[in-house]
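Close look at the chain arrangement
So the chains spell out like this:
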Amino acid sequence: MTLWHGRFADKTNPDAFALNASISFDQRMALQDVRGSLAWSEALEMAGVLTVDEQIQLRAGLQQIEAEFQSQSFSYVPGDEDIHTAVERRLGEIVGSVAGKLHTGRSRNDQVATDFRLWLLDNIPALDVALNELQGALVERAEGDLGTIMPGYTHLQRAQPVLLSHWWLSHFWPLQRDRERLSDFKKRLAVLPLGSGALAGTPFAIDRTALADKLGFAKPSPNSMDAVSDRDFAAEFLFVAAMIGLHLSKLAEQVIIYSSAEFGFIELDDVYSTGSSLMPQKKNPDPFELARGKAGTLLGALTGLLATLKGLPSTYDKDLQEDKIPVFEAYDTLTAMLPVMAGAVRTLMVKPERMAAAIDATMMATDLADYLVERGIPFREAHALSGRAVRLALENGKTLGTLTLTEYQSIHPIFNEAVYNVFDPQQCVSRRKALGGTAPEAVLAQLKQAQSLLIVEGVHHV
Ligand code: ARG
């Protein structure tokens with residue numbers, strides 16, 4: 001039996017009922033629905049709508065339902081259109097007709113918005129922990145790989161040497177911003193819609209501030225029409241999820257190319273790779289390719305929901321039921337992907353000799369310009385002179401390190417023997433000591449900062 005059969009002479013067409021039903025996915029909010037109903041029954045009692053005895057009966061029934069959900073013994077019946085219907089139907093079976101009083105002054109419109117917000121509030125901490133786990137893996141790598149220098153790229157062209165640890169940590173900070181976004185998002189998420197009724201508010205003397213407090217919300221929503229239609233929080237969650245997906249995809253793309261034979265900078269551990277059914281030699285970075293691929297799916301979830309929301313008239317429209325699947329899917333995708341990426345990052349093997357071999361003196365052409373700047377030549381001119389040295393080297397099949405002093409002096413007489421000190425990657429890296437740079441001491445300071453942001457024994461630093 002639906003919750004709205006009164007004004008209908010006939011039963012809904014079975015296919016239309018199936019299309020309408022959301023139980024297949026909104027049963028995920030079962031515990032939140034019960035919790036919301038418990039708090040609502042208390043608010044009704046405080047408002048004098050329910051007697052103490054009635055509330056006690058409803059409480060007992062709801063607690064039994066909660067236990068059934070927890071032990072997975074709750075049975076759904078074919079008429080359970082959504083989780084709200086299922087809970088109310090079961091409550092009636094347990095406590096009898098008093099169950100019919102629970103929905104007084106409430107609508108599924110404010111109820112579903114409340115359940116959904118509660119679900120996110122309950123589940124965001126686990127996503128935060130999963131992000132933190134990958135951050136922890138990146139920090140561990142940065143600690144372990146401190147002595148290694150790699151070529152840094154711009155435009156995917158060899159640019160300047162950097163510490164491998166600096167590169168690892170370059171993937172830590174985007175995730176930190178994602179964690180901050182999640183935390184900031186909670187401010188807008190923790191606003192309680194319950195007590196808004198279908199759209200116009202509730203006529204009973206509900207203390208919505210106390211209700212918000214009881215359910216762990218910061219405050220009640222200020223406008224009932226807005227409250228039942230506001231899905232900004234779902235879109236905002238999907239934006240954060242898409243952003244996380246994008247960050248994972250960027251990391252993944254680099255792991256994929258660095259583990260190709262052409263780069264050969266890293267090798268994935270066997271337990272995080274897959275083989276080919278045809279080519280026996282293959283070792284494929286599937287988890288990273290999936291991270292890259294799923295970033296597209298996550299982006300689709302965001303744009304899909306935004307398109308659903310665009311142009312809806314005020315208050316509740318059934319279109320809004322389309323909000324949950326993308327949110328649940330995005331959440332599941334990320335919580336499945338993050339631990340695998342953390343494990344794969346922790347266990348992959350780095351090949352410092354391959355990284356070193358990919359660095360040649362020409363990558364230090366900027367340092368060559370800086371060498372001239374130190375001798376009083378303006379940077380613009382120094383840049384041009386260093387560029388000429390690069391061209392001379394390329395024309396003669398040499399590098400900046402193998403040009404002779406005579407060749408250097410043919411470019412500018414100021415060059416002397418000290419020019420060859422410029423081309424030590426270690427020194428090149430060490431020169432970039434300013435905050436945020438790749439010098440070992442700057443990276444150590446950065447590492448310390450990163451370590452301090454990790455969750456330690458359940459203490460969040462976001
Ligand atoms: N299953 C619905 C949803 O998820 C619950 C709200 C139904 N409200 C209504 N007026 N039909 O959006």
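So, here's what we can say about the structure. (Residues numbered from 1 in each chain as written. Predicted model: local features only at pLDDT ≥ 70, side-chain atom pairs only at ≥ 80, totals over all residues. Heavy atoms only, no water.)

1. A short note on the overall build of the protein
When helices and strands are counted, the protein shows 19 helices and 6 strands. Rg of the C-alpha trace for the protein: 30 Å, well past the compact-globule value of 23 Å for 462 residues, more than 25% over. By residue count, 49% of the 462 residues in the protein fall in the buried class. Residue pairs at least 24 apart in sequence account for 74% of intrachain contacts in the protein once pairs closer than 6 positions are excluded. Surface exposure of the protein reaches about 21,500 Å², of which carbon and sulfur atoms provide 56%. (Helix = DSSP H or I, 4+ residues; strand = E, 2+ residues; numbered from the N terminus. Rg over C-alpha atoms; globule rule 2.2 N^0.38 Å. Buried < 20%, exposed > 50% of the residue type's maximum accessible area, 1.4 Å probe, protein only. Contact = heavy atoms within 4.5 Å. Areas by Shrake-Rupley, 256 points an atom, 1.4 Å probe, with all protein chains shown as cover.)

2. Observations regarding the pairing of strand E2 (residues 157–163)
Here 6 bridges tie strand E1 (residues 149–154) to E2, and the two strands are oriented antiparallel to one another. Bridged to Pro151 within E2 is Pro161. Hairpin geometry of E1 and E2 is characterised by an intervening segment of 2 residues between the two adjacent antiparallel strands and by a positive phi of about 55° at His155. (Pairing = 2+ DSSP bridges.)

3. Thoughts on the environment of Trp173
Topologically, Trp173 is positioned in helix H8 (residues 172–189). Separated by 88 residues in the primary sequence, Trp173 and Thr85 place their C-alpha atoms 44 Å from one another. Apart from residues no more than four positions distant in its own chain, Trp173 is found in contact with Gln446, Gln449, Ala450 and Leu453.

4. Notes on the site of the ligand
Around the ligand sit Ser22, Asp26, Asp82, His84, Arg108, Asn109, Val112, Tyr316, Gln321 and Lys324, and those are all the residues in its vicinity. Take Tyr316: an N or O atom from its side chain is 2.5 Å from an oxygen atom of the ligand. At a separation of 2.8 Å, a nitrogen atom of the ligand approaches a polar side-chain atom of Gln321. Taken by itself the ligand offers 350 Å² of open surface, and the protein chains cover 86% of this. Top element by residues in the shell around the ligand is helix H6 (residues 108–144). It accounts for 3 residues. (Near = heavy atom within 4 Å. Polar contact = N/O pair within 3.5 Å; in protein donor to acceptor, adjacent residues only side chain to side chain.)

5. Points about the packing of H8 against helix H11 (residues 232–258)
Relative orientation of the contacting elements H8 and H11 amounts to 175°, with a least axis distance of 10 Å. In terms of orientation, H8 lies roughly antiparallel with respect to H11. Only Phe233, Glu236, Phe237, Phe239, Val240, Met243, Ile244, His247 and Leu248 of H11 make contact with H8, whose side of the interface consists of Pro174, Leu175, Asp178, Arg181, Leu182, Phe185, Arg188 and Leu189. Its residues assigned to classes, the contact of H8 with H11 comprises 12 nonpolar, 1 polar and 4 charged. (Axes fitted to C-alpha atoms, helices over the stretch in contact; angles between N-to-C directions. Parallel < 35°, antiparallel > 145°, perpendicular 65-115°, else oblique. Nonpolar A, V, L, I, M, F, W, Y, C, P; charged D, E, K, R; others polar.)

6. Thoughts on the side chain of Ser386
Following the sequence through the fold, Ser386 ends up in helix H16 (residues 379–395). On the basis of relative accessible area, Ser386 is assigned to the buried category, the value being 3%. Here Ala365 takes part through its backbone oxygen, which lies 2.8 Å from a polar atom of the side chain of Ser386. The contacts of Ser386, once residues within four sequence positions are left out, are Ala365, Leu368 and Ala369.

7. Remarks on the packing of aromatic side chains
Tallying each qualifying case throughout the model produces 19 aromatic pairs. Taking 5.3 Å as the distance between ring centres and 85° as the angle between the ring planes, the aromatic pair formed by Phe263 and Phe265 counts as edge-to-face. Taken together, Tyr153, Trp167, Trp168, Tyr258, Phe263 and Phe265 form an aromatic cluster joined through their ring pairs. The ring of Phe328 carries the charged tip of Arg28 above its face, separated from the ring centre by 4.8 Å. Seen from the ring of Tyr371, Arg375 lies directly overhead, with NZ or CZ sitting 3.7 Å from the centre. (Phe/Tyr/Trp six-rings, centres within 6.5 Å; stacked < 30°, edge-to-face > 60°. Lys NZ or Arg CZ within 6 Å of the ring centre and 35° of its normal.)

8. Quick word on the side chain of Ser221
Relative to the assigned elements, Ser221 resides in the loop between strand E4 (219–220) and helix H10 (224–229). Judged by its relative accessible area of 10%, Ser221 is buried. One polar contact links Ser221 to Arg208, side chain to side chain, over a distance of 2.9 Å. Look past the residues within four positions of Ser221 in its chain and what remains in contact with it is Val191, Leu192, Pro193, Ser196, Arg208 and Ala227.

9. What about the pattern of salt bridges?
Scanning all chains against the criterion turns up 30 salt bridges. With its nearest N and O atoms 2.8 Å apart, the salt bridge here joins Glu68 to Arg90. In this pair, Glu68 sits in helix H4 (residues 52–70) while Arg90 sits in helix H5 (residues 83–95), placing the two residues 22 residues apart along the sequence. A salt bridge links Asp323 to Lys324; the shortest N-O distance between them is 2.8 Å. One exposure class covers both Asp323 and Lys324, and it is buried. In the salt-bridge network here, residues are joined through shared partners; they are Glu68, Asp80, Arg89, Arg90 and Glu93. (Salt bridge = Lys/Arg side-chain N within 4 Å of Asp/Glu carboxyl O.)

10. Some remarks on the nonpolar core
Note on soluble globular proteins: their nonpolar side chains tend to be buried together. Phe237 and Leu400 are the most contacted members of the largest nonpolar core, which totals 130 residues. Broken down by element, this core gets its largest block of residues, 16 residues, from H11. Filtering out sequence-adjacent residues up to four positions away, Leu400 remains in contact with Ala361, Thr362, Met364, Ala365, Leu368, Ala389, Val390, Ala393, Tyr408 and Phe423. (Core = buried A, V, L, I, M, F, W, Y, C linked by side-chain atoms within 4.5 Å.)

11. Thoughts on H4
Between its first and last C-alpha, H4 extends 26 Å over 19 residues, near the 27 Å set by a 1.5 Å rise per residue. Listed as buried for H4 are Glu54, Gln55, Leu58, Gly61, Leu62, Ile65, Glu68 and Phe69. Taken down its axis, H4 places every buried residue within 140° of arc, on the same side. (Expected span 1.5 Å × (residues − 1). Arc of directions from axis to C-beta.)

12. Concerning unusual backbone geometry
Its identity as a non-glycine residue notwithstanding, Gln72 has a phi of 55°, on the positive side. Assessed through its relative accessible area of 75%, Gln72 is described here as exposed. Phi is positive for Thr315, close to 70°, though the residue is something other than glycine. With respect to the helices and strands, the residue Thr315 is situated in the loop between helix H12 (286–309) and helix H13 (324–347).

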